[in-house]
Amino acid sequence: MAVVMAIYVTGGVSGGHINPAVSFAMCLFGRMKWFKFPFYVGAQFLGAFAGAATLFGIYHDGLMAFAGGKLLIVGENATAHIFATYPAPYLSLTNAFADQVVATMFLLMIVFAIFDSRNLGVPKGLEPVVIGLLIIVISSSLGLNSGCAMNPARDLSPRLFTALAGWGFEVFTAGNNFWWIPVVGPLVGAVIGGLIYVLVIEIHHRDPDPDFETDQAEDKPEKYELSVIM
């Protein structure tokens, strides 16, 4: 729901970009100009850092009271995972990378579908809600291994904040140096997801027949006529 609210707030100005992996795929597949990319990514990382700092400030007393004031990265009293993702004990780096690639791949496939004007789409103004539901579905089904980051900014910036705020730079070595997985994996997954959508769906759209559309428009009753017929 936080993602939904973020897209509603920023959608009218920036298009609701809050994920560098999504922005990267949009640029790569010609849906956004490359010169915007560094500005979007810079804002995304800065926003995620500010969000982590805000959360830390609001819950500072609670964090200090928990586990005797110790800010732990691993163990049953760990709190670092509140801010960034960490792998389950059984997870290998190879499996973790595949996990992030696949999750983000599905994210981008559906995002491309939602904003494809020649596909079914969703009613205008409801796109953020559908994306929010999409994230719930992916997180619920693929979140067990490592929290389903799918967003380099959502993971790296808060991780850096925790390193500076008292957890220490061990946040970058925990989980067998797991930190780079939620950064690189989503970028790779975004490219694969976008490529799959373009090759399997987008290029197979049939070009509309202008004569057919004109005939349909002439024969199609107006809305008030439909209400009378019904």
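Residues numbered from 1 in each chain as written. Predicted model: local features only at pLDDT ≥ 70, side-chain atom pairs only at ≥ 80, totals over all residues. Heavy atoms only, no water.

(A) A look at the UniProt feature "transmembrane region" (unreviewed entry) in the chain. UniProt tags residues 37-59, 96-114, 126-144 and 178-200 as "transmembrane region" (unreviewed entry). End-to-end, the C-alpha atoms of residues 126-144 are 28 Å apart, and along that stretch the chain is 84% helix and 0% strand. Between the C-alpha atoms that bound residues 178-200 there is a distance of 33 Å. The span itself is 87% helix and 0% strand. (UniProt positions renumbered as here; feature names shortened; annotations may be inferred. Helix = DSSP H or I, 4+ residues; strand = E, 2+ residues; numbered from the N terminus.)

(B) Structural context of the packing of aromatic side chains. Per the stated rule, a full pass over the model turns up 13 aromatic pairs. Measuring from centroid to centroid gives 5.7 Å for F172 and W179, while their planes differ by 80 degrees, and the two rings are edge-to-face. Since its relative accessible area comes to 16%, F172 is described here as buried. Take W179: its relative accessible area is 31%, and that puts it in the partly exposed class. An aromatic cluster of three or more residues is present, and its members are F49, F56, F83, F161 and W167. Lying across the ring of F112, R31 places its NZ or CZ 4.1 Å from the centre. A cation over an aromatic ring shows up here: R159 above the ring of Y86, its NZ or CZ 4.7 Å from the ring centre. (Phe/Tyr/Trp six-rings, centres within 6.5 Å; stacked < 30°, edge-to-face > 60°. Buried < 20%, exposed > 50% of the residue type's maximum accessible area, 1.4 Å probe, protein only. Lys NZ or Arg CZ within 6 Å of the ring centre and 35° of its normal.)

(C) Quick peek at the nonpolar core. Judged by nonpolar contacts, the single largest core of 22 residues is most densely connected at M26, L107, L108, F112, I138 and M150. Residue assignment for this core shows that the elements contributing at least two residues are α2 (20-28), α3 (37-58), α5 (93-114), α6 (127-142) and α9 (181-200). Looking at this core, the element that brings in the most residues is α5, giving six residues. Among residues more than four places away in sequence, those in contact with M150 are N19, A21, Q100, A103, T104, L107, I135, I138, S139 and P186. (Core = buried A, V, L, I, M, F, W, Y, C linked by side-chain atoms within 4.5 Å. Contact = heavy atoms within 4.5 Å.)

(D) Structural detail: the packing of α2 against α9. Two elements in contact, α2 and α9, have axes whose closest approach is 9 Å; the angle formed by their N-to-C orientations is 35 degrees. The two elements α2 and α9 meet at a crossing, and its hand is right-handed. Counting all contacts with α2, which are made through P20, A21, F24, A25 and L28, the residues of α9 involved are P186, L187, A190 and V191. Residues that form the contact of α2 with α9 fall into these classes: nine nonpolar, no polar and no charged. (Axes fitted to C-alpha atoms, helices over the stretch in contact; angles between N-to-C directions. Left-handed = near helix turned anticlockwise from the far one by under 90°. Nonpolar A, V, L, I, M, F, W, Y, C, P; charged D, E, K, R; others polar.)

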